[in-house]
Amino acid sequence: MCGIVGYIGPREAYPVLVKGLKRLEYRGYDSAGLALLDGGLKLYKNHGKVSDLEENVRGKDISGYVGIGHTRWATHGEPSDVNAHPHYSQSRKLAIIHNGIIENYGSLKTELINRGFEFKSNTDTEVLVHLIENIQQEEGVELVEAVRIAMNYVVGAYAIVVISENDPDKLIAAKKGSPLVIGIGKEEYFIASDASPIVEYTQNVVYLDDEELAIVPRKGELKIKTIRNKEKTPFVHHLEMQLSTIEKGGFPHFMLKEIYEQPKSIKDSMRGRLSLQTGQVVLGGIIDYEQKFLNARRILMIACGTSWHAALVGEYLFEDLARIPVEVEYASEFRYRNPVIYEDDIVIAISQSGETADTLAAIELAKSKGATILGICNVVGSSIARATHAGSYTHAGPEIGVASTKAFTAQVTVLALMALAIAQRKGTLSKSRYYELISEMESIPAKVDEVLKVNDLVYEISTHFKDARNFLYLGRGYNFPVALEGALKLKEISYIHAEGYPAAEMKHGPIALIDEHMPVVVLATKKGTYEKVISNIQEVKARKGVIIAIVTKGDEIVRDMADYVIEIPETDEIFVPLVATIPLQLLSYHIAVMRGCNVDQPRNLAKSVTVE
Ligand code: G6P
């Protein structure tokens, strides 16, 4: 939540900052601002998007070779001009941008007010900039030292960048809990919440660790020290990210592009891990932990949002194939409910961004109890990827649309690979079933490619439902998490109320909602509980509900009962989530576009939730 950028070097900072903020808008987009240094410190900010900021600064002085910028997702203080970042210090010589939450801001604020500081905003962030100035004034220390001391007073999560009129040749960046990346160019530096604003200038980056601060100079070398004042040598990573992967590539929205990327992203998740020639599934990242899996009493899967739905599919896969008991936990509940954690537990934390605050906290809790923590993350080098003992990246490429699509199918792909690998080592699958599954798995990208051909049909179906007020999604077995995910997608981007339910549970509640105004999306693919789901369809029809059925190609039985039918290619039951999810993503996309919603940046949501 919140995106931050900084630039120092020979270029005009403004275009770099604005372009960077647009790339980070997925992190929050309720207000935007920037500060530029060109002799004096200039600050512009407003409620609204980065495009509103561009309007706001039209005709104003935007010169400067040093600058910082921010796009906000409000936590403390409503979205407004005054609460937008950056925030000035009392003297207006310093300004700060911040991503995260200062938990003890209340007590710090009272103390600073007692010392004569006047607060202009309702944010927790403003406390920090006054605190830094206060330390400078009282202790007569340099800016770097004042930031370091201030960090020792602060409880909470932050990634900050400080700019100062009195120190025009440097930016100070610091981090704890929220991500921060520094790009190293030729005599220039870029700072950002993730690498997307940086890749077009340099592929060399340094990820700041928690409780570290960086002195980012106009000339000379980047310096890093810890908040205990210990110098550290920056470790430079070389990024593999291409600029094209973070642009829309001719699609009207990132979400649609990402839906269409799934044949490739699923293949990328499998690449080098699944070999039909050798008959092996090998995940290099967790190979050293296979024995732990074989000895594990159970697996705990921890995640939030869409990643939690992937974890549910993971539960079915691991129990079905590898016969290991699995518990799926919402990270936010797990971290606060004194859970039982055994030392021989394997915890699998699943996160697209690798930055979700609740998931990170749950990992730390499980780690402190001695469990083995594995990660399934999409963003390379992210906090969760670094906090886990080992893991497997999903390799889906950057996901920019706030509603997760290709990351979900990539997570399910990696979970299926893991379950198959462990099942083979444990001998819980017959040889013939194992080979049947791995060869079917190889055909999944082609099947996803095929299912994308339903797009025109889904568009047509969407025209009938764009004004619906409620939706119900039903599925059983492997299709139950798909129903949850389908409902979440629709809620997130079209603001239509939608509920996902296990089909057989409908009679215990949701059936009361069904009438001729209730569209019911039913996942009625062959095998598994197909016949039972047909009974559920009849129950809905008997109450005049409108059925949109997702069926296996060639199904005539459901076609005769349903109002609308979307066919998907036949696949093994365990891989159905990878195929059946696609039409539901398209359905929510088209309905949202028809309703005039901002598909890539839905209201109130953020891609990366770095606050609890
Ligand atoms: C936010 C996003 C969701 C995502 C969830 C978990 O709510 O909008 O799309 O599923 O966070 O994020 P993670 O990065 O941990 O998968």
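Residue positions are given per chain, counting from 1 as you read along its sequence in written order. Restriction of local features to residues with pLDDT of at least 70 applies here, the model being predicted, together with a cutoff of 80 or more for giving and counting side-chain atom pairs; totals for whole chains, interfaces and linings are based on all residues. Calculation of side-chain values draws on the structure's entire complement of heavy atoms; hydrogens and water are dropped beforehand.

1. What about the sheet that holds strand S8 (residues 170-176)?
Move 1: On the basis of which strands lie adjacent, the open sheet formed by seven strands has the order S5-S6-S7-S8-S12-S13-S14 and antiparallel pairing. In this open sheet, the two edge strands, each paired with only one partner strand, are strand S5 (87-88) and strand S14 (231-232).
Move 2: Whether two strands pair comes down to DSSP finding at least two bridges between them. Only DSSP runs of H or I covering at least 4 residues are called helices, and only runs of E covering at least 2 are called strands; the numbering of each starts at the N terminus. As defined by bridge partners, S5 adjoins strand S6 (residues 94-102) across two bridges and the pair is classed as antiparallel. Residue pairing in the sheet places His87 in a bridge with Ile96 of S6.

2. A short note on the nonpolar core
Move 1: Buried Ala, Val, Leu, Ile, Met, Phe, Trp, Tyr and Cys residues that are joined via side-chain atoms within 4.5 Å together make up what is termed a nonpolar core. For the exposure calls, accessible area comes from a 1.4 Å probe over protein chains only, and a residue counts as buried if that area is under 20% of its type's maximum, exposed if over 50%, partly exposed in between. If you look at the biggest cluster of nonpolar residues, it comprises 94 residues, and the most contacted ones within it are Phe293, Met301, Phe318, Ile348, Leu420, Phe471 and Tyr473.
Move 2: Residue contributions to this core peak at 12 residues, all from helix H13 (residues 406-426).
Move 3: Should any heavy atoms of two residues lie within 4.5 Å, those residues are considered in contact. Non-local contacts of Phe293, meaning those with residues more than four positions away in its chain, are made with Ile286, Ile299, Phe318, Ile324, Ile346, Ile348, Leu374 and Ile422.
Move 4: Counting residues in hydrophobic clusters, the runner-up holds 31 residues, among them Val199, Val205, Leu239 and Phe254.

3. Re helix H20 (residues 576-594)
Move 1: In this scheme, a helix's expected span is set at 1.5 Å multiplied by one less than its residue total. Its 19 residues place the ends of H20 28 Å apart at the C-alpha level, agreeing with the 27 Å of an ideal helix rising 1.5 Å per residue.
Move 2: Of all 19 residues in H20, 17 are buried; the element is thus mostly enclosed.
Move 3: Immediately downstream of H20, the backbone of Gly596 shows phi near 75°, a positive value.

4. Overview of the pattern of salt bridges
Move 1: Take a side-chain nitrogen of Lys or Arg and a carboxyl oxygen of Asp or Glu: if they are within 4 Å of each other, that pair is a salt bridge. Inspection of the entire model under this criterion finds 41 salt bridges.
Move 2: In this structure, the salt-bridge partner of Arg58 is Glu55, at a minimum N-O distance of 2.7 Å.
Move 3: The exposed category is assigned to Arg58, whose relative accessible area is 57%.
Move 4: Linking Glu450 and Lys553 is a salt bridge whose minimum nitrogen-to-oxygen distance equals 3.0 Å. Of the two residues, Glu450 sits in helix H15 (residues 444-451) while Lys553 sits in the loop between strand S26 (546-552) and helix H19 (557-561), which places them 103 residues apart along the sequence.
Move 5: Residues joined in a network through salt bridges with shared partners are Lys19, Arg23, Glu200 and Glu247.

5. Examining the site of the ligand
Move 1: Ser307, Ser351, Gln352, Ser353 and Thr356 are the nearest of the 13 residues found near the ligand.
Move 2: Pairs of N or O atoms within 3.5 Å make up the polar contacts considered here, provided that, within protein, one atom can donate a hydrogen while the other can accept it, and that residues adjacent in sequence are counted only when both atoms are side-chain atoms. Within the side chain of Ser351, one N or O atom sits 2.6 Å away from an oxygen atom of the ligand.
Move 3: In the environment of the ligand, an oxygen atom lies 3.0 Å from a nitrogen or oxygen atom belonging to the backbone of Ala606.
Move 4: For the ligand, whose accessible area on its own is 390 Å², the fraction buried by protein is 91%.
Move 5: Residue polarity follows a fixed list, in which Ala, Val, Leu, Ile, Met, Phe, Trp, Tyr, Cys and Pro are nonpolar, Asp, Glu, Lys and Arg are charged, and the others, Gly among them, are polar. Looking at the shell around the ligand, its residues break down into four nonpolar, eight polar and one charged. Here, proximity means that at least one heavy atom of the residue falls within 4 Å of the molecule or strand. Calculation of accessible area relied on Shrake-Rupley with a 1.4 Å probe; when residues are assessed, cover is drawn exclusively from the protein chains displayed.

6. Regarding the side chain of Asp345
Move 1: You can see Asp345 is positioned in the loop between helix H10 (331-334) and strand S20 (346-351).
Move 2: A polar atom in the side chain of Asp345 sits 2.8 Å from the backbone nitrogen of Tyr342.
Move 3: Those residues in contact with Asp345 that sit more than four places away from it in its chain are Arg298, Leu300, Val340, Ala371 and Thr372.

7. Examining the sheet that holds strand S15 (residues 237-238)
Move 1: Strand order in the open sheet formed by eight strands is S3-S2-S4-S1-S10-S9-S11-S15, and the pairing between neighbours is antiparallel. One side of each edge strand has no neighbouring strand; the edge strands of this open sheet are strand S3 (40-47) and S15.
Move 2: Sheet analysis places strand S9 (residues 181-184) next to strand S11 (residues 204-207), joined by three bridges and oriented antiparallel. Following the sheet pairing, Ile182 is matched in S11 by Val206.
Move 3: Axes, fitted as lines to C-alpha atoms, cover a helix only where it is in contact. Angles between the N-to-C directions of the axes lie from 0 to 180 degrees. Sheet contacts for helix H1 (residues 13-24): strand S1 (3-8), strand S2 (31-38), strand S4 (66-72) and strand S10 (189-192); angle to S1, the most-contacted strand, approximately 160°.
Move 4: The strands touched by helix H2 (residues 50-57) are S2, S3 and S4; relative to S3, the strand with the most contacts, the crossing angle is about 130°.

8. Concerning the packing of aromatic side chains
Move 1: Note on aromatic contacts: the rings of Phe and Tyr and the six-membered ring of Trp form a pair at centre separations within 6.5 Å, being stacked when their planes are under 30 degrees apart, edge-to-face when over 60 apart, and tilted otherwise. Tallied over the full model, the rule gives 10 aromatic pairs.
Move 2: The rings of Phe465, Phe471, Tyr473 and Tyr564 are connected pair by pair, giving a single aromatic cluster.
Move 3: Sitting over the ring of Tyr342, Arg297 keeps its end group 3.8 Å from the ring centre.
Move 4: Charge over a ring is defined by NZ of Lys or CZ of Arg lying within 6 Å of the ring centre and within 35 degrees of the ring normal. Just above the ring of Tyr530 sits the side chain of Lys526; from NZ or CZ to the centre is 5.6 Å.

9. Notes on the packing of H15 against H20
Move 1: Axis separation between H15 and H20 bottoms out at 9 Å; the angle between their running directions is 20°. In terms of orientation, H15 and H20 fall into the roughly parallel class. Note on packing geometry: the crossing formed by H15 with H20 is right-handed. The residues of H20 that touch H15, namely those facing Ile444, Lys447, Val448 and Val451, are Leu578, Val579, Ile582 and Pro583.
Move 2: Here the residues of the contact of H15 with H20 are counted per class, giving seven nonpolar, no polar and one charged. Roughly parallel means an angle under 35 degrees; roughly antiparallel means over 145; roughly perpendicular covers 65 to 115; every other angle is labelled oblique. Put simply, a crossing is left-handed when the front helix is turned counterclockwise from the back one by less than a right angle, and right-handed when it is turned clockwise.

10. Things to note about the pairing of S2
Move 1: Extensive coverage of S2 is indicated by the burial of seven of its eight residues.
Move 2: When S2 meets S3, the two strands line up antiparallel, connected through eight bridges. Looking at S3, one finds that Leu34 is bridged to Tyr44.
Move 3: Between S2 and S3, which pair antiparallel one after the other, the connecting turn spans one residue, and Gly39 there sits at a positive phi close to 80°.
Move 4: Alignment of S2 against S4, held across seven bridges, turns out to be antiparallel.

These figures capture arrangement, not role.
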